[in-house]
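Residues per chain are reported as follows:
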Amino acid sequence: MYWLAYGGACALLRSAYLHAAIVLLAMTFPLWAKGGAWWEVPISSLPTMLGFTVAALAVFIGFGDEDYRALLAQPDEADKSGVSIYVSLCTTFVHFIIVQALAFSFAIVASSWKAVAPPEWLVPFVIIGCGLGFFLFLYAVTSIVAVTMHIYRISQMYSAYHAIKSKSANL
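The rules behind each value
- Residues numbered from 1 in each chain as written.
- Predicted model: local features only at pLDDT ≥ 70, side-chain atom pairs only at ≥ 80, totals over all residues.
- Heavy atoms only, no water.
- Helix = DSSP H or I, 4+ residues; strand = E, 2+ residues; numbered from the N terminus.
- Contact = heavy atoms within 4.5 Å.
- Axes fitted to C-alpha atoms, helices over the stretch in contact; angles between N-to-C directions.
- Parallel < 35°, antiparallel > 145°, perpendicular 65-115°, else oblique.
- Left-handed = near helix turned anticlockwise from the far one by under 90°.
- Nonpolar A, V, L, I, M, F, W, Y, C, P; charged D, E, K, R; others polar.
- Phe/Tyr/Trp six-rings, centres within 6.5 Å; stacked < 30°, edge-to-face > 60°.
- Buried < 20%, exposed > 50% of the residue type's maximum accessible area, 1.4 Å probe, protein only.

Section: the side chain of T91
In step 1: For T91, the position within the fold is in helix α7 (residues 85-112).
In step 2: Those residues in contact with T91 that sit more than four places away from it in its chain are Y2, A5 and Y6.

Here it is in structure tokens:
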């Protein structure tokens, strides 16, 4: 259900945030490909990010009155999939949380193998794994903007909803 609401592989591959993470991955090549302890960055920052994400989701779920939440729960006419704006925002949060959890898990596994010298034939695969792990972290970082923009969209809608509700109350 989450993957369909997110838009599947097509939405993932078209994501500007994914593309930004790829660019950042190329820019940070020396950190993750040259034997640096790249896992320290995600391990030190992702728990805080994850905590704020879960807290923000809890705030959003309680945001607005019942009428407004009911309005958000209606299917979005602009979305051909029929996913409501409410489900769309929750899906953005779920995606963000999944990416953070994957990045954090990857970093923990990588840090546990730091003292093991791989055989020569395995080095290219280790570098690819390091790149994948740091990419997941960078995608989590760029996804912050995606969640923020979605929250901004909802706040604009709430402002418009409140203005209409105020006008109708004054009639």
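That shown, we press on.
Some points on the packing of helix α3 (residues 16-27) against helix α8 (residues 123-170)
In step 1: Contact geometry of α3 with α8 gives a least axis separation of 8 Å together with a crossing angle of 140 degrees. Judged by the inter-axis angle, α3 sits oblique to α8. In terms of crossing hand, the pair formed by α3 and α8 is right-handed. Of the residues in α8, those touching α3 at Y17, L18, A20, A21, I22, L24 and L25 are G131, F134, F135, L138, Y139, T142, V145, A146 and M149.
In step 2: Looking at the contact of α3 with α8 residue by residue, the classes come out as 14 nonpolar, two polar and no charged.

Description of the packing of aromatic side chains
In step 1: Taken as a whole, this structure holds 12 aromatic pairs when the rule is applied.
In step 2: Geometrically, the ring pair formed by W38 and W39 is edge-to-face, given 6.0 Å between the ring centres and 70 degrees between the ring planes. Summarising the burial analysis for this pair, W38 and W39 share the class buried.
In step 3: Three or more aromatic residues link up through ring pairs in this structure, and these residues are W38, W39, F134 and F137.

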